[in-house]
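A look at the structure
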There are 2 protein chains.
Amino acid sequence: MSKKVFLCDDEMPTSWYNVAPDIPNGLQPPLDPETMQPMAPEKLAAIFPMGLLEQEMSPDRHIPIPEEVLEIYKIWRPSPLVRAFKLEQALGTKAKIFFKNEGVSPVGSHKPNSAVAQAYFNMREGVKRLATETGAGQWGSALAMATSMFGLKCKVYMVRVSYDQKPYRKSVMQTFGAEIVPSPSQYTNYGRSVLEQDPDNNGSLGIAISEALEDAVTSENTNYALGSVLNHVILHQTIIGLEAKKQMEIAGESPDVIVGCCGGGSNFAGLAVPFIPDKLEGKNIRLVGVEPASCPTMTEGKFAYDSGDTAGMTPLLQMHTLGHDFMPPGIHAGGLRYHGMAPIVSALVRENLVEPVNVHQLECFEAGVLFAKTEGIIPAPETCHAIRGAIVEATQNLNEPKTILFNFSGHGLIDMAAYDSYFAGELHNYSLPTEQIAESLANLPKVG
Amino acid sequence: MSKKVFLCDDEMPTSWYNVAPDIPNGLQPPLDPETMQPMAPEKLAAIFPMGLLEQEMSPDRHIPIPEEVLEIYKIWRPSPLVRAFKLEQALGTKAKIFFKNEGVSPVGSHKPNSAVAQAYFNMREGVKRLATETGAGQWGSALAMATSMFGLKCKVYMVRVSYDQKPYRKSVMQTFGAEIVPSPSQYTNYGRSVLEQDPDNNGSLGIAISEALEDAVTSENTNYALGSVLNHVILHQTIIGLEAKKQMEIAGESPDVIVGCCGGGSNFAGLAVPFIPDKLEGKNIRLVGVEPASCPTMTEGKFAYDSGDTAGMTPLLQMHTLGHDFMPPGIHAGGLRYHGMAPIVSALVRENLVEPVNVHQLECFEAGVLFAKTEGIIPAPETCHAIRGAIVEATQNLNEPKTILFNFSGHGLIDMAAYDSYFAGELHNYSLPTEQIAESLANLPKVG
């Protein structure tokens, strides 16, 4: 078989797949944090365009991708499906390892799949400006790119520790014309309140979300955009798995295991959920979500209603969570340091349709370096988690001829500082004290 | 028409195109700097494998690409051909602008097209280690990747100013297992002699080539590898133009103008020379090579025999040159700061088959930012020169419906410091004093 399967332009899927109606026992609605009742759509309409809200709640399995979004996807999509022959050889495994390379996008990750769609639906409804947050910088870069292409303004609240450590991420967003500020910032009431208590606060995704939300609610013509977690974000990311399914068929292969790294859950779900219908029909496919041991949302968190941000401004979502004030250790995979997990992924874990595992960061970087040396592409620290997961699957029994498909969610070329630290021996693994998790779980909102 | 034309794997060319036999009045042979006679192939065999030397001198138009090289190409090739609709709209031009996106390669540029081939032919002949130089870092990254995939060791002499300014480039090469030293270094006689005269010497491509050559000649089982200029490098890069020709045909288009940036000449020639046979048959296609005004090799240099390095160790090549001790100003497009130009490109300029133009760096960054904001991809500073060239072509007469094809040679995600300087207003244009060029041209080797 060939090294790679490309789809041609006219073979690219023209609809996204909405897994929500296929989840056994379904999804529970988001709750209004003020009333603890299901959130009224009008309230969400203050920060999201109707086009996205309809997707968020849609009972339809297939939702057409607008022509304008398809045209931009085609700058880099369909993305290649590649067989990792040299990695297989290095491992000495009989498993076949395929990866879907989302690193070929303009900003090097899967994030534009949703950023382009979100910018489009906001533009279509006359919104002029988006506020968002970014941790590692992948989402901020993607939304900055997407808004520039649709003529929207964009303000990015970037977790301060990333803002300071990743100057080039900032430059990428600035090149696209976005405004970037470190979070916590002086630009919002919530940011100022955090800085008042702790002027040296390093920030967190939860704080940055609170700031971006406040910005969206209080600024004119401004909506909010989130890069993972929500149903519509996962919907947009299903383009990955829909393409991969076609490509695996062309390769004459059928995956036994599908692997992805999980922060908020969107890249993993984007690849995995299009295989849910096959799984429900009895096909033997395992879906493995890999999270960091230092932020073990699915493996050690609770399935409960929790807030998506630190200030408690978001609707409460039923999901796996470590508690909205959980502060994970400073691992280099900034995109995986989130206290919650997408409600869709969480419900699939609940139904035993997704298997969560957690891995330590040193073995992830080891996997990433092996992948770079064999397949030539340096993975983002987040993606190293998926590679580690795939390697575990491929080496449990070297003689088992299974077929593994993982999501190469992004390249690491803008994150080389993490590799420097790894090679310098400065990184170590974190074992979380169980009390730390218990403590933040004790602060879950009281529901019902 | 669609946004993009992808070729499927089985449509990828399986031979490179050698333009040498199609150049009217041909190429003159390289000369031995000691005897001023044509270089004896045995002498070159001390630093290059026979497989590459045969390509360097081959009279054949079509040279098959080895299966092992094709398999690695297929990680990212065929690369997409994309229509820049949004850039066209922003310019208000009736011209159609297409670009060939070489930025999708593992290290983000066209360089792996030759690096993989060079590593392969060296490996096949039992070579264990390659020595090379790198300026901006694109070539070093590509060769580090390619050698790691074929199990060779790699030592990269990196121009010191880049070594100091681009720590992440270094990290990329280190991740692939290469050894990187700043040049001038203490590791070679030539490096030591330069440092003795000037301990703070910032280095140049010419010095780094001398060091890498000395390393190859004096180390066991070690060959030398060059990332541009030579015939076999351009041969490997023709995969770009061969794919693009097929893709333009599929799009139902025929280019009127082909544009690329020129440092050593390989990315421009790689896209352009496969169109030479059509041009010779009378088809009206212009081939425009864009170089920086601060290093105007083709537009203000001399067509003469000159050395490829500062120490005078390389064979003398007949080419456009500013003199081998020309020191260009420190523009940010490090890959375009070379005193010479590929003999193939130079001969095509001599025959009026290639039109050279030069552009200033500020207008190049302006073009790059416009491209990023409209097409979503941030170009490398070198690539900004090609974009500027394409924009000039598209805006000379906004109503002329011409078709422009340019080479998007690489993305800028690892070179964001250059954009930072641009946005901070720290960059300016350089006008070279004519005396400076006259002075270095006075030191050309005396031939015949």
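Higher on the page you've got the structure.
The next point concerns the side chain of Asn113 of chain B. By the secondary structure assignment, Asn113 of chain B is in helix H5 (residues 112-124). Residues in contact with Asn113 of chain B, not counting those within four places in the same chain, are Tyr73, Trp76, Arg77, Glu102, His236, Gln237, Ile239 and Ile240 of chain B.

Turning our attention to the pairing of strand E11 (residues 286-292) of chain A. All names here are of chain A. Counted residue by residue, E11 has six buried out of seven residues, so it is predominantly covered. Bridge count between strand E10 (residues 257-261) and E11: five bridges; the pairing is parallel. Its bridge partner being in E11, Cys261 is matched across the sheet by Val290.

Further remarks concern the side chain of Ser266 of chain A. As for its placement among the helices and strands, Ser266 of chain A is situated in helix H12 (residues 266-272). Each residue touching Ser266 of chain A, except ones within four places of it in the same chain, is listed here: His110, Lys111, Gly227, Ser228, Val233, Ile234 and Gln237 of chain A.

All names here are of chain B. Between helix H2 (residues 50-57) and H5, whose axes approach to 8 Å, the crossing angle comes to 125 degrees. With respect to each other, H2 and H5 are oriented oblique. On H5, the residues touching Gly51, Leu52 and Gln55 of H2 are Gln118, Phe121, Asn122 and Arg124. Counted by class, the contact of H2 with H5 contains two nonpolar, four polar and one charged residues.

This paragraph deals with the packing of helix H5 (residues 112-124) of chain A against helix H11 (residues 231-250) of chain A. All names here are of chain A. With their axes 8 Å apart at the nearest point, H5 and H11 run at an angle of 125 degrees to one another. Judged on the interaxial angle alone, H11 and H5 are oblique. When you trace H5 past H11, the crossing you get is right-handed. Judged by residue contacts, Asn113, Ser114, Ala117 and Gln118 of H5 engage His232, Val233, His236, Gln237, Ile239 and Ile240 from H11. When its residues are assigned to classes, the contact of H5 with H11 shows four nonpolar, six polar and no charged.

All names here are of chain B. Pairing within the open sheet is mixed, and its seven strands lie in the order E1-E4-E5-E15-E10-E11-E14. Two strands close off the open sheet at either side, each with one partner strand: strand E1 (4-5) and strand E14 (355-359). Relative to strand E4 (residues 81-83), E1 runs antiparallel, the two being bridged by two bridges. If you follow Lys4 over to E4, its bridge partner there is Val82. In this fold helix H11 (residues 231-251) packs onto E1, E4, strand E5 (96-101) and strand E15 (403-408), with an angle of close to 140 degrees to the strand it touches most, E5.

Another point: the packing of aromatic side chains. For the structure on display, the rule yields 25 aromatic pairs over all chains. A ring pair is formed by Phe99 of chain B and Phe406 of chain B, whose centres lie 5.7 Å apart and whose planes are at 25 degrees; its orientation type is stacked. Of this pair, Phe99 of chain B sits in strand E5 while Phe406 of chain B sits in strand E15; the two residues are 307 residues apart in sequence, bridging distant segments of the chain. For the pair formed by Phe99 of chain B and Phe406 of chain B, the shared burial category is buried. Of the aromatic side chains, those joined through ring pairs into one cluster are Phe99, Phe371, Phe406 and Phe408 of chain A. Sitting above the plane of the Tyr163 of chain A ring, Lys170 of chain A keeps its charged end 4.1 Å from the centroid. Above the ring of Phe275 of chain B, the side-chain terminus of Lys245 of chain B is found at 5.6 Å from the ring centroid.

Let's shift gears to the pairing of E10 of chain A. Within a regular strand, side chains alternate between the sheet's two faces. Residue and element names in this part refer to chain A. Burial analysis of E10 places five of its five residues in the buried class, which makes it a mostly covered element. Going residue by residue along E10, you find Val257, Val259 and Cys261 tucked away on one face and Ile258 and Gly260 tucked away on the opposite face as well. Sheet topology note: the E10/strand E15 (residues 403-408) ladder contains three bridges and is parallel. Bridge assignment links Ile258 to a residue of E15, and that residue is Leu405.

Rules behind the numbers
Residues numbered from 1 in each chain as written. Chains lettered and ligands numbered in written order. Predicted model: local features only at pLDDT ≥ 70, side-chain atom pairs only at ≥ 80, totals over all residues. Heavy atoms only, no water. Helix = DSSP H or I, 4+ residues; strand = E, 2+ residues; numbered from the N terminus. Contact = heavy atoms within 4.5 Å. Buried < 20%, exposed > 50% of the residue type's maximum accessible area, 1.4 Å probe, protein only. Pairing = 2+ DSSP bridges. Axes fitted to C-alpha atoms, helices over the stretch in contact; angles between N-to-C directions. Parallel < 35°, antiparallel > 145°, perpendicular 65-115°, else oblique. Nonpolar A, V, L, I, M, F, W, Y, C, P; charged D, E, K, R; others polar. Left-handed = near helix turned anticlockwise from the far one by under 90°. Phe/Tyr/Trp six-rings, centres within 6.5 Å; stacked < 30°, edge-to-face > 60°. Lys NZ or Arg CZ within 6 Å of the ring centre and 35° of its normal.

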